[in-house]
Amino acid sequence: MSRYPYLLLDADHTLFDFNRADRLAFSATSRYGGFPDTQEMYEAFSRINQGLWNQFDQGLITKEFLVVERFVRFLKAIGSSADPEGCNSVQLESLSRGSFLLPHAEEVCRTLSRTHQLYIVTNAVASVQKGRLSGSAIAPYIKAAFISEEAGAGKPDPAYFDYVFSRIDGITRENCLMVGDSIATDIRGANNAGLPCCWFNPNGLKPPADLRIDYTISDLRELCQIV
């Protein structure tokens, strides 16, 4: 009998190689917008983008505002007259095709799907996440994906997890495990919802003192020994 037959898996930076997909999406956006595709430009956009996502995770802004505002600010910062809404559309469309997986994600999902029910829990843009998942090698192993904009709330809000639980038969606070890389959304979300959690920490970051972390792994294959 599995300890945690229901696994709630974060997507970006846990299963999917978001950095690779994001860099390629920036290249596509730079071609559309007519601005240089340099690492310096990409890092400038990433700082603005991450800052807005942090605000979204705190419930301070909406995702609809975020996705366009990041380009409004970036294009203003570099003195470009490109259309921010057009840049956003190109970036999201490119991201939706970036189904790159992190090391061992496919084998771990394939192995665990034989004995567990696997679900994606994510704050990402719905069109992007659906496209990436459907085109990925792990698609056959995932029962369902729960995306924040469809749930009306996002991690770490307990309301998001209430939404997820209302749609999975048989799941309880004791028989599931939240697995993710983000302290701010995955681990804090699990704490807020009273769920066991596993922190995927491949970079060896220092754990926060104010949160409960039941398990820590640096390699996805370690998950098989926990569940």
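Computed from a predicted model, the values in this text were never measured in an experiment. Sequence positions are assigned chain by chain, starting from 1 and proceeding in written order. Totals for whole chains, interfaces and linings use all residues, but because this is a predicted model, local features are given only for residues with pLDDT of at least 70 and pairs of side-chain atoms are given and counted only at 80 or more. Excluding hydrogens and water, the side-chain figures rest on all heavy atoms present in the structure.

J.: Residues and numbers for the packing of helix α3 (residues 63-78) against helix α4 (residues 84-95), please.
T.: Between N-to-C directions, angles span 0 to 180 degrees; the directions come from axes that are lines fitted to C-alpha atoms, helices contributing only their stretch in contact. Only DSSP runs of H or I reaching four residues or more are called helices, and only runs of E reaching two or more are called strands; each is numbered from the N terminus. Here α3 crosses α4 at 120°, and the two axes come no closer than 8 Å. Regarding the angle of α3 to α4, the classification is oblique. Considering the relative orientation of α3 and α4, their crossing is right-handed. Where α3 abuts α4, its residues V67, V68, R70, F71, V72 and L75 lie against P84, E85, C87, N88, Q91 and L92. Ten residue types, Ala, Val, Leu, Ile, Met, Phe, Trp, Tyr, Cys and Pro, are classed as nonpolar, four, Asp, Glu, Lys and Arg, as charged, and the remainder, Gly among them, as polar. Partitioning the contact of α3 with α4 into residue classes produces eight nonpolar, two polar and two charged. Each angle is binned into one of four classes, with values under 35 degrees roughly parallel, values over 145 roughly antiparallel, values of 65 to 115 roughly perpendicular, and all other values oblique. Left-handed describes a crossing whose near helix is turned anticlockwise from the far helix through less than a right angle; right-handed describes the clockwise counterpart. Here a residue-residue contact requires only that any non-hydrogen atoms of the pair lie within 4.5 Å.

J.: For the environment of L220, give the residues involved together with the corresponding values.
T.: Looking at the element boundaries, L220 is found in the loop between β6 (215-217) and α10 (223-226). For the pair L220 and N201, spaced 19 residues apart in the sequence, the C-alpha separation amounts to 9.5 Å. Residues within four places of L220 in sequence aside, it is in contact with T14, L15, P103, H104, A105, V108 and F200.

J.: Can you break down helix α9 (residues 183-193) residue by residue, with the values?
T.: Whether a residue is buried, partly exposed or exposed follows from its accessible area with a 1.4 Å probe, protein chains only, as a fraction of its type maximum: under 20%, in between, or over 50%, in that order. Those residues of α9 that sit buried are T185, D186, I187, G189, A190 and A193. For α9, the secondary structure elements touched by its buried residues are α2 (39-57), α8 (158-165), β4 (176-180) and β5 (197-200). Among the residues of α9, the N-terminal cap falls to S182, whose side-chain oxygen and the backbone nitrogen of A184 are separated by 3.3 Å. G194 sits one or two residues past α9 and shows a positive phi near 70°. Pairs of N or O atoms are called polar contacts if they sit within 3.5 Å, as long as, within protein, a hydrogen donor faces a hydrogen acceptor (for residues adjacent in sequence, only side-chain-to-side-chain pairs).

J.: Go over the environment of L7, please, and point to the residues and values.
T.: Assignment of secondary structure puts L7 in strand β1 (residues 6-9). Considered as a pair, L7 and N54 are 47 residues apart in the sequence and their alpha carbons are 25 Å apart. With sequence-adjacent residues up to four places away left out, L7 is seen in contact with L112, H116, Q117, L118, Y119, L177 and V227.

J.: Explain the nonpolar core residue by residue, including any values.
T.: By size, the foremost hydrophobic cluster in this structure holds 26 residues, and its most contacted members are L7, L15, L177, C198, L223, I226 and V227. Residue assignment for this core shows that the elements contributing at least two residues are β1, α5 (105-112), β2 (117-122), β4, β5, β6 and α10. Broken down by element, this core gets its largest block of residues, four residues, from α5. Filtering out sequence-adjacent residues up to four positions away, I226 remains in contact with R3, Y4, L177, C198, Y215 and I217. In this structure, Y119, F161, F165 and L211 belong to the second largest nonpolar core, which totals 23 residues. Among the buried residues, those of types Ala, Val, Leu, Ile, Met, Phe, Trp, Tyr and Cys that are joined through side-chain atoms within 4.5 Å form a nonpolar core.

J.: Explain the packing of α2 against α3 residue by residue, including any values.
T.: Where α2 meets α3, the closest approach of the two axes is 9 Å, and the angle between their N-to-C directions is 150°. As for how α2 packs across α3, the hand of that crossing is right-handed. Two secondary-structure elements touch here, α2 through M41, A44, F45, I48, N49, L52, W53, Q55 and F56 and α3 through K63, L66, E69, R70, F71, R73, F74 and I78. Residues that form the contact of α2 with α3 fall into these classes: eleven nonpolar, two polar and four charged.

J.: Let's hear about α3: which residues, and what values?
T.: Here, expected helix span is obtained from the residue count minus one, scaled by 1.5 Å. Counted at 1.5 Å a residue, the expected span for α3 with its 16 residues is 22 Å, and the 23 Å between its end C-alpha atoms agrees. In this analysis the local bend is the angle between axes fitted, respectively, to the seven residues ending at and the seven residues starting at the residue. Of all the bends found along α3, the most pronounced is centred on E69 and spans about 25°. Those residues of α3 not exposed but buried are K63, L66, V67, E69, R70, F71, F74 and L75. Buried positions along α3 lie against α1 (18-33), α2, α4 and α7 (148-151). Backbone geometry just downstream of α3 places G79 in the positive-phi region, at approximately 75°.

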